Amino acid sequence: MSSIKKFQVTFDCADPERVARFWCEVLGYVVPPPPEGFDTWEAFNRSLPPERQGASFVCMDPTGEGPRMYFQRVPEGKVVKNRVHLDVRVATGLVGAERLAVLEAECARLVALGAVRVRLLPADEENESCITMQDIEGNEFCLD
């Protein structure tokens, strides 16, 4: 039997720090401390060659349980639907009107942070309701 492994979720994006800080707010994640020898991430960033400055950023679950999230700058913009997306589980175990109220409240909070609401997928015979959204660079995710 194989052991459980930690994993990292990597996002390609235009502005790694901006997208990372958005996801910190969404998930309650934090920015880790800067590397040894640097008081701030800004100081570390200034120490890099110009082409590497601002090229990546990280956020992490403060408990260490959730996956680390890595954001890397890429030259091309997003042009098609994500093949993988995050489901942000805010209404686990809730059904009906109670579930919708929690989803809508979280959707409103995330829209205020710059997310875009795409559509409500109403409950059917197999699935509970969820809301499809996009982050600040257009990456799809679901409120579930």
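Read on for a plain summary of the structure. (Residues numbered from 1 in each chain as written. Predicted model: local features only at pLDDT ≥ 70, side-chain atom pairs only at ≥ 80, totals over all residues. Heavy atoms only, no water.)

**Describing the pairing of strand S7 (residues 140-143)**
Phase 1 of the analysis: Side chains Glu140 and Cys142 of S7 all project onto a buried face; the interleaved residues Phe141 and Leu143 project onto the opposite face, where all are buried too.
Phase 2 of the analysis: Pairing of strand S4 (residues 86-88) with S7, which is carried by 3 bridges, proceeds in the parallel orientation. Counterpart to Asp87 in the pairing with S7 is Cys142.
Phase 3 of the analysis: The pairing of strand S6 (residues 130-134) with S7 spans 4 bridges and is classified as antiparallel. The partner of Thr132 across the bridge, within S7, is Cys142.
Phase 4 of the analysis: Connecting S6 to the antiparallel partner S7 that follows it, the hairpin turn spans 5 residues, and Gly138 within it adopts a positive phi of roughly 90 degrees. (Buried < 20%, exposed > 50% of the residue type's maximum accessible area, 1.4 Å probe, protein only. Helix = DSSP H or I, 4+ residues; strand = E, 2+ residues; numbered from the N terminus. Pairing = 2+ DSSP bridges.)

**Considerations on the pairing of strand S3 (residues 68-73)**
Phase 1 of the analysis: The sheet contact formed by strand S1 (residues 8-13) and S3 spans 6 bridges and is parallel. From the neighbouring strand, Thr10 faces S3, where its bridge partner is Tyr70.
Phase 2 of the analysis: In terms of strand pairing, strand S2 (residues 56-59) meets S3 through 4 bridges, oriented antiparallel. Residue pairing in the sheet places Ser56 in a bridge with Gln72 of S3.

Function cannot be read off these values alone, since they describe shape.
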